[in-house]
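Here is what each chain is made of, one letter per residue.
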Amino acid sequence: MAPATTTAGAPVRRLAVLYDAECPLCTALRDWLLRQPRLVPLDLVPAGSEEARARFPGLDHGTTFEEITVVGDAGQVYRGAAAWIVVLWALRRYRSLAHRLSTPAGAALARGAVLAAAKVRQGGRWGGNGYRRDDGWVYEPATGWVFVGPACGGGARATR
């Protein structure tokens with residue numbers, strides 16, 4: 001799949017939103033999107049599914065589970081905050097918000113919202129005890145909390 005930079009200026013007539021069908025937050029957002037009036041049609045496609053792989057054979061499907069990915073009908077690929085902004089742009093009630101979020105200050109706000117959603121999606125809790133040692137988290141004074149999970153070969157590795 002060509003990166004979004006090669007499709008600059010191409011009109012967006014349809015968007016495919018890849019979501020994690022096993023994630024309660026993701027499926028709740030999918031259901032919310034289905035109820036919204038749209039200016040641009042949205043196809044909601046489970047990430048990593050046969051449909052996703054058939055429709056987007058050049059896409060790195062592993063990364064679609066790590067962050068929201070939206071694909072435009074001309075091959076544009078949006079990830080993270082940019083993906084949320086383009087989805088809001090497609091919705092009748094939220095297009096003006098999408099325009100505000102596309103500014104540098106708005107993009108920082110959108111990025112913060114995406115990071116907060118990622119924390120909730122990963123089972124984190126707000127207000128203390130969000131990182132639990134028995135869940136694989138380790139506190140390192142120099143860097144803060146780091147998740148150390150199983151790696152190939154039985155060793156341990158820190159996530160990014």
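Residues numbered from 1 in each chain as written. Predicted model: local features only at pLDDT ≥ 70, side-chain atom pairs only at ≥ 80, totals over all residues. Heavy atoms only, no water.

1. Some remarks on the pairing of strand β3 (residues 69–72)
Consecutive side chains of a regular strand alternate in pointing toward one face of the sheet and then the other. Applicable threshold: Classification of residues uses two cut-offs on accessible area relative to the type maximum, computed with a 1.4 Å probe and protein chains only: under 20% is buried, over 50% is exposed, and between them is partly exposed. The secondary structure listing takes helices from DSSP runs of H or I that are at least 4 residues long and strands from runs of E that are at least 2 residues long, numbered from the N terminus. Here, strands pair whenever DSSP counts at least two bridges between them.
Side chains of β3 alternate between two faces, with Thr69 and Val71 and Val70 and Gly72 buried alike. Summarising the sheet, strand β1 (residues 15–19) and β3 pair through 4 bridges and their orientation is antiparallel. Note that in β3 the partner of leucine 18 across the bridge is threonine 69. Relative to strand β4 (residues 77–79), β3 runs antiparallel, the two sharing 3 bridges. Among the inter-strand pairings, threonine 69 is bridged to a residue of β4, identified as arginine 79. Counted along the chain from β3 to the antiparallel partner β4, the turn is 4 residues long, and its residue glycine 75 has a positive phi close to 95°.

2. Some words on the confidence of the model for the chain
Going by this rule: Note: pLDDT gives the predictor's confidence per residue, expressed from 0 to 100. In this description, contact between two residues means that some pair of their heavy atoms is separated by no more than 4.5 Å.
For the chain, per-residue confidence averages 78 on the pLDDT scale, and 67% of positions sit at 70 or higher. Counting interchain partners and residues more than four positions distant, the pLDDT-below-50 stretch residues 125–131 has 11 contacts. The low-confidence segment residues 151–160 (pLDDT under 50) makes 14 contacts with residues lying over four places distant or belonging to another chain.

3. Looking at the pairing of β1
Filter applied, for reference: The crossover handedness rule: strands pointing away from the viewer, path from first strand over the helix to second strand clockwise, crossover right-handed.
Within β1, 5 of the 5 residues are buried, leaving the element largely enclosed by the surrounding structure. Side-chain alternation along β1 places Leu15, Val17 and Tyr19 on one buried face and Ala16 and Leu18 on a second face that is also buried. Of the pairings in the sheet, the one linking β1 to strand β2 (residues 42–46) comprises 5 bridges and is parallel in character. Residue pairing in the sheet places valine 17 in a bridge with leucine 44 of β2. As a crossover connection, the stretch from β1 through helix α1 (residues 24–35) into β2 is right-handed.

4. Some points on the sheet that holds β3
Worth spelling out the cut-off: For helices, the fitted line uses only the C-alpha atoms of the stretch in contact; every axis is such a line through C-alpha atoms, and the angle between N-to-C directions lies from 0 to 180 degrees.
Judged by pairing direction, the sheet is mixed, and its 4 strands sit side by side in the order β2-β1-β3-β4 without closing on themselves. Sheet topology places β2 and β4 at the edges, where each strand pairs with a single neighbour. Taking the axes of each pair of neighbouring strands and ignoring which way they run, one obtains an average angle of 25° across the sheet. The strands touched by α1 are β1 and β2; relative to β2, the strand with the most contacts, the crossing angle is about 160°. Docked against the sheet, helix α3 (residues 80–90) engages β1, β2, β3 and β4, running at close to 110° with respect to β4.

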